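So the chains spell out like this:
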Amino acid sequence: MDIITARDLTVGYGRTEVLRDLAFAIPEGLITAVVGVSGSGKSTLLKTLAGLLPPLGGGFEFAGSPVDYRSEASLGRLYARIGVLYQDGALLNGLSLYENVALPVRMHYPELPEAVVRDMVHAGLAQVEMAGSAEKFPSELSGGMRKRGALARALVLDPHVVFCDEPSSGLDPITSRLLDDLLLRLKESFKMTLVVVTHELRSIERVADRVLLLNDGGLRYAGDYADLAASDDGFIRTFFLRKGHHDDA
Amino acid sequence: MSETASTPGPSEILRLPKRLRAAELVAVLGDLGRRSGDGPVILDFRDVEEFDSATLAFLGHLSDCQPGVSAANVPEALARAEAAFARRPDVCWPEKPAAPPSGTRSSRFFQAMADRFLARVRALGMFLAMFGDEVFHIGRYLRRRRGVYPGETWNQMFFMGYLSFPIVCLLLFLVGVTISITSAEQLRIFGAEVYIADLVGYAMLRELVPLMTGVILAGKVGAAVTAELASMTVLEEVDALRTMGVVPERFLMVPRLIAITLVVPLLVAMADVAGIFGGVVVARVTFGMLPSAFIDQMLNTVDWTDFAWGLIKTVVFGWAVVVGAGFKGLTVGRSAEEVGRATTQSVVLSITMIIVIDCIFAFVLY
Ligand SMILES: Nc1ncnc2c1ncn2[C@@H]1O[C@H](COP(=O)(O)OP(=O)(O)OP(=O)(O)O)[C@@H](O)[C@H]1O
Ligand SMILES: [Mg+2]
């Protein structure tokens, strides 16, 4: 089953079209990697799929029904089922990390007792190894810590689909591996769908089932990661000039 | 250039120095410009060993930028570097001819004016829509008690009160002193000293307290709200709220609007007292009028409706300030410098709205 299907989707800002006439599907329960050179429109595409940036043309379906940017109800249904990790984290600076992660819980389930909220937040922070920094404010965290905290916030309500904009950029190899393992665990134990923008070839290799490769205002490749090796497209070969894959083969 | 020697002949030859970086290149360009004849010039590059990207760009554009000037004896190192350098622009800047501006200069001017005017009209429409939305959000919040961070309204009240109480009291006291001193002289001429109480009381309650409080709110609370919301927008915090299913227009604005509605009455009461106290002090010092006599006299003209109207006006000003500030903050662009610009614009917008609304009140009330 495809959770997201885009048809003739054109995304961009105002009169600037960044990506034109995209057609792709994102299958449910798998990890899709969105890749492309810097400035190719990965974040822009993610913003449109997350209900933040109206498409300039075409549209997409989420869980079988078209997303209507003019209808608050339609966007609300979308927001209720997604979690987003922003490129720079976007934690609220006025709240502690704990309160940041608790925020979605408090807003959607104001009736939950504080003890339950506390357990949810601590579990969420523990899975990104941030439990020790719960009382710190975003300004007191490093870039990578902010990002992990933001991931905990995106996951705290168990969304169906998680969009991650460069989850492992700015992280050391060990933490980055930890994050990859977390993504795989989310997929396997919660059947979550993950859409991950990333530049890390090693991380793509480890986690990605599917790949959307953006280039030159369009989609260069959309398909299984495993099929990339067979491609004889020069750009694809350059982009994925990889050691690991050849070793496997 | 000391090393440049020109040889007479059919074309002038300019021998370039060993070191030809941007600084030397400027000197060479100067020489070329000052050249007397307009025959062809040959630049002899044979000695050039040190060069930088300006040299490479110059060499690449020699034929189109400097008619009649050509290069000779380009050393191989330089030629290779130029070839490598020249390929870069093709990658970075695909040829995109700028659309030639159409129409005459004046028609372009009017077109630009019309565009700006339309943009303003659209912004005004968005602002009014936001005003309506906020009323709706407050209604929703008061009925369902959802969508706002718990305790945020209290935080905002303390914050707004903390920002504005001291300065409102101080400034209104000074305004009270100032208008009593200026009017005391006139009143003495007519022997109508006692009416200073009526004058100060009426002017303060009806006009000066609302106006001054509104302007101070615009400068302190409005600017703070815009700066905060604009930086949240730029840092994608507002987007983050939205995808969490939290409506930023409610989550961020409702606590601030409720807070301003509750803070303003306290502010107005304090400001009225401070302003009238200024009048009492002046009356005591200049006419020896007792404070109790001042109050008695004032209550002859001024009654609670004056206080109520002043209060209503100030609440409306407070709303205009907060909605205007929120509008400017949430519609900011995407760069840090726009945060500063939005803050300035928010203060100007708020003060303009306050004066316009005050004028409308004056027409309606008198
Ligand atoms: N707010 C904006 N307004 C107008 N154009 C924008 C805006 N944000 C980005 N762009 C443009 O859209 C294009 C795609 O930007 P985007 O941020 O999606 O790139 P990206 O693929 O995420 O790059 P990176 O890997 O560096 O994050 C860029 O050319 C950029 O100039
Ligand atoms: Mg990006």
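Definitions and cut-offs
Residues numbered from 1 in each chain as written. Chains lettered and ligands numbered in written order. Predicted model: local features only at pLDDT ≥ 70, side-chain atom pairs only at ≥ 80, totals over all residues. Heavy atoms only, no water. Helix = DSSP H or I, 4+ residues; strand = E, 2+ residues; numbered from the N terminus. Rg over C-alpha atoms; globule rule 2.2 N^0.38 Å. Buried < 20%, exposed > 50% of the residue type's maximum accessible area, 1.4 Å probe, protein only. Contact = heavy atoms within 4.5 Å. Buried area = accessible area lost by both parts, 1.4 Å probe. Salt bridge = Lys/Arg side-chain N within 4 Å of Asp/Glu carboxyl O. Polar contact = N/O pair within 3.5 Å; in protein donor to acceptor, adjacent residues only side chain to side chain. Nonpolar A, V, L, I, M, F, W, Y, C, P; charged D, E, K, R; others polar. Domains from an automatic or database assignment. Donors = N, O, S within 2.8 Å, 3.2 Å for Na, K, Ca; no water. Axes fitted to C-alpha atoms, helices over the stretch in contact; angles between N-to-C directions. Parallel < 35°, antiparallel > 145°, perpendicular 65-115°, else oblique. Left-handed = near helix turned anticlockwise from the far one by under 90°. Near = heavy atom within 4 Å. Core = buried A, V, L, I, M, F, W, Y, C linked by side-chain atoms within 4.5 Å. Pairing = 2+ DSSP bridges.

1. So, the overall build of chain A
Here comes step 1: Secondary structure summary: chain A contains 9 helices and 10 strands in total.
Here comes step 2: Relative to the globule expectation of 18 Å for 249 residues, the C-alpha radius of gyration of chain A, 18 Å, shows essentially globular dimensions.
Here comes step 3: Seen along its three principal axes, the alpha-carbon backbone of chain A occupies a region of about 55 × 45 × 30 Å.
Here comes step 4: Relative to its full complement of 249 residues, chain A shows a buried share of 53%.
Here comes step 5: The long-range share in chain A, meaning contacts at least 24 apart out of those at least 6 apart in sequence, stands at 64%.

2. Focus: the interface of chain A and chain B
Here comes step 1: Each partner contributes residues to the interface: chain A has 23 residues there, and chain B has 18 residues.
Here comes step 2: Regarding the contact of chain A and chain B, the summed buried area is about 1,800 Å², with carbon and sulfur atoms giving 64% of it.
Here comes step 3: On the surface where chain A and chain B come into contact, there are 1 salt bridge.
Here comes step 4: With its nearest N and O atoms 3.7 Å apart, the salt bridge here joins Glu111 of chain A to Arg146 of chain B.
Here comes step 5: Put simply, chain A and chain B have 7 residue pairs in polar contact (both at pLDDT 80 or more) between them.
Here comes step 6: Secondary-structure elements contributing two or more residues to the side of chain A that touches chain B are strand 6 (82–85) and helix 3 (97–108) of chain A.
Here comes step 7: No other element matches helix 3 of chain A, which puts 6 residues into the side of chain A that touches chain B.
Here comes step 8: Taken together, the residues of the side of chain A that touches chain B break down into 15 nonpolar, 3 polar and 5 charged.

3. Section: the domain arrangement of chain B
The accessible area lost on association of the parts is a frequent measure of interface size.
Here comes step 1: As assigned here, chain B comprises domain 1 (3–83) and domain 2 (133–365).
Here comes step 2: On a C-alpha basis, the centroid separation for the pair domain 1 of chain B and domain 2 of chain B is 68 Å.

4. Structural notes on the pattern of salt bridges
One side chain can pair with another of opposite charge once the charged atoms of both are near each other.
Here comes step 1: If you walk through the whole model with that rule in mind, you get 23 salt bridges over all chains.
Here comes step 2: In this structure, Asp224 of chain A and Arg210 of chain A form a salt bridge, with 3.1 Å as the shortest nitrogen-oxygen distance. Of this pair, Asp224 of chain A sits in strand 10 (residues 218–224) while Arg210 of chain A sits in strand 9 (residues 210–215); the two residues are 14 residues apart in sequence, bridging distant segments of the chain.
Here comes step 3: A salt bridge links Asp239 of chain B to Arg334 of chain B; its shortest N-O distance comes to 3.6 Å. One end of the pair, Asp239 of chain B, is in helix 8 (residues 237–243); the other, Arg334 of chain B, is in the loop between helix 12 (304–330) and helix 13 (336–365), and 95 residues separate them in sequence.
Here comes step 4: On the basis of relative accessibility, which here comes to 10%, the residue Asp239 of chain B falls in the buried class.
Here comes step 5: On the accessibility criterion, Arg334 of chain B (48% relative accessible area) is partly exposed.
Here comes step 6: Residues participating in the shared-partner salt-bridge network are Arg19, Arg21, Glu24 and Glu50 of chain B.

5. Remarks on the coordination of the magnesium ion (ligand 2)
Residue and element names in this part refer to chain A.
Here comes step 1: Only Ser43 (OG) and Gln87 (OE1) from the protein reach the magnesium ion (ligand 2) as donors, at distances of 1.9 to 2.4 Å. Taken together, the residues Ser43 in helix 1 (residues 42–49) and Gln87 in the loop between strand 6 and helix 3 connect sequence positions 44 residues apart.
Here comes step 2: According to the relative accessible area criterion, Ser43 is partly exposed, its value standing at 22%.

6. With respect to the packing of helix 7 (residues 196–234) of chain B against helix 10 (residues 253–287) of chain B
Residue and element names in this part refer to chain B.
Here comes step 1: Two elements in contact, helix 7 and helix 10, have axes whose closest approach is 8 Å; the angle formed by their N-to-C orientations is 140 degrees. One element, helix 7, and the other, helix 10, form an angle in the oblique class. The hand of the helix 7/helix 10 crossing is right-handed.
Here comes step 2: Across the contact of helix 7 with helix 10, the residue classes tally to 18 nonpolar, 4 polar and 3 charged.

7. Looking at the packing of helix 6 (residues 152–189) of chain B against helix 10 of chain B
Residue and element names in this part refer to chain B.
Here comes step 1: At a minimum axis separation of 6 Å, helix 6 and helix 10 run at an interaxial angle of 25 degrees. Between helix 6 and helix 10, the angle falls in the class roughly parallel. Both helix 6 and helix 10 take part in a crossing whose hand is right-handed.
Here comes step 2: For the contact of helix 6 with helix 10, a count of residues per class yields 25 nonpolar, 10 polar and 3 charged.

8. Quick look at the site of ligand 1
Residues and elements named next belong to chain A.
Here comes step 1: With respect to spatial proximity, 14 residues lie near ligand 1, and among them Ser38, Gly39, Lys42, Ser43 and Thr44 are the closest.
Here comes step 2: Between ligand 1 and His199 there is a distance of 3.3 Å, counted from an oxygen atom to a side-chain nitrogen or oxygen.
Here comes step 3: Examining the composition of the shell around ligand 1, we find that 3 residues originate from one element, helix 1, more than from any other.
Here comes step 4: Looking at the shell around ligand 1 residue by residue, the classes come out as 3 nonpolar, 8 polar and 3 charged.

9. Comments concerning the environment of Val323 of chain B
Residue and element names in this part refer to chain B.
Here comes step 1: Take Val323: it is sitting in helix 12.
Here comes step 2: For Val323, a relative accessible area of 0% gives the class buried.
Here comes step 3: Note: C-alpha distance between Val323 and Val254 (69 residues apart in sequence) is 9.9 Å.
Here comes step 4: The contacts of Val323, once residues within four sequence positions are left out, are Phe127, Met130, Phe131, Met253 and Leu257.

10. Details of the nonpolar core
A general trend in soluble globular proteins is that nonpolar side chains are found buried together.
Here comes step 1: Counting residues in each nonpolar core, the largest one holds 102 residues, and the members touching the most others are Phe163 of chain A together with Phe294 of chain B.
Here comes step 2: At 16 residues, helix 10 of chain B tops the list of elements feeding residues into this core.
Here comes step 3: Residues in contact with Phe163 of chain A, not counting those within four places in the same chain, are Ile4, Leu46, Leu49, Ala50, Ile82, Gly83, Val84, Leu85 and Val195 of chain A.
Here comes step 4: Membership of the second largest hydrophobic core comes to 32 residues, among which are Leu125, Leu155, Leu171 and Leu184 of chain A.

11. Brief notes about the sheet that holds strand 9 of chain A
All names here are of chain A.
Here comes step 1: Strand order in this open sheet of 6 strands is 6-7-8-3-9-10, and the pairing throughout is mixed. The open sheet terminates on both sides in strands that have one partner only, identified here as strand 6 and strand 10. Sheet twist, expressed as the average angle between the axes of neighbouring strands with direction ignored, equals 15 degrees.
Here comes step 2: Bridging between strand 9 and strand 10 involves 6 bridges; their strand directions are antiparallel. Its bridge partner being in strand 10, Leu214 is matched across the sheet by Leu219.
Here comes step 3: Lying on the sheet, helix 6 (residues 173–190) is in contact with strand 3 (31–36) and strand 8 (193–197); it crosses strand 8 at an angle near 155 degrees.

12. Section: the sheet that holds strand 4 (residues 57–62) of chain A
Residue and element names in this part refer to chain A.
Here comes step 1: One open sheet holds the 4 strands; their spatial order is 2-1-4-5, and the pairing between them is antiparallel. Each edge of the open sheet carries a strand with a single partner, namely strand 2 (16–27) and strand 5 (65–66).
Here comes step 2: Bridging between strand 1 (residues 2–13) and strand 2 involves 8 bridges; their strand directions are antiparallel. By the bridge assignment for strand 2, Leu9 is matched with Leu22.
Here comes step 3: Packing against the sheet, helix 1 makes contact with strand 1, strand 2 and strand 4, and its axis sits at approximately 120 degrees to strand 1.

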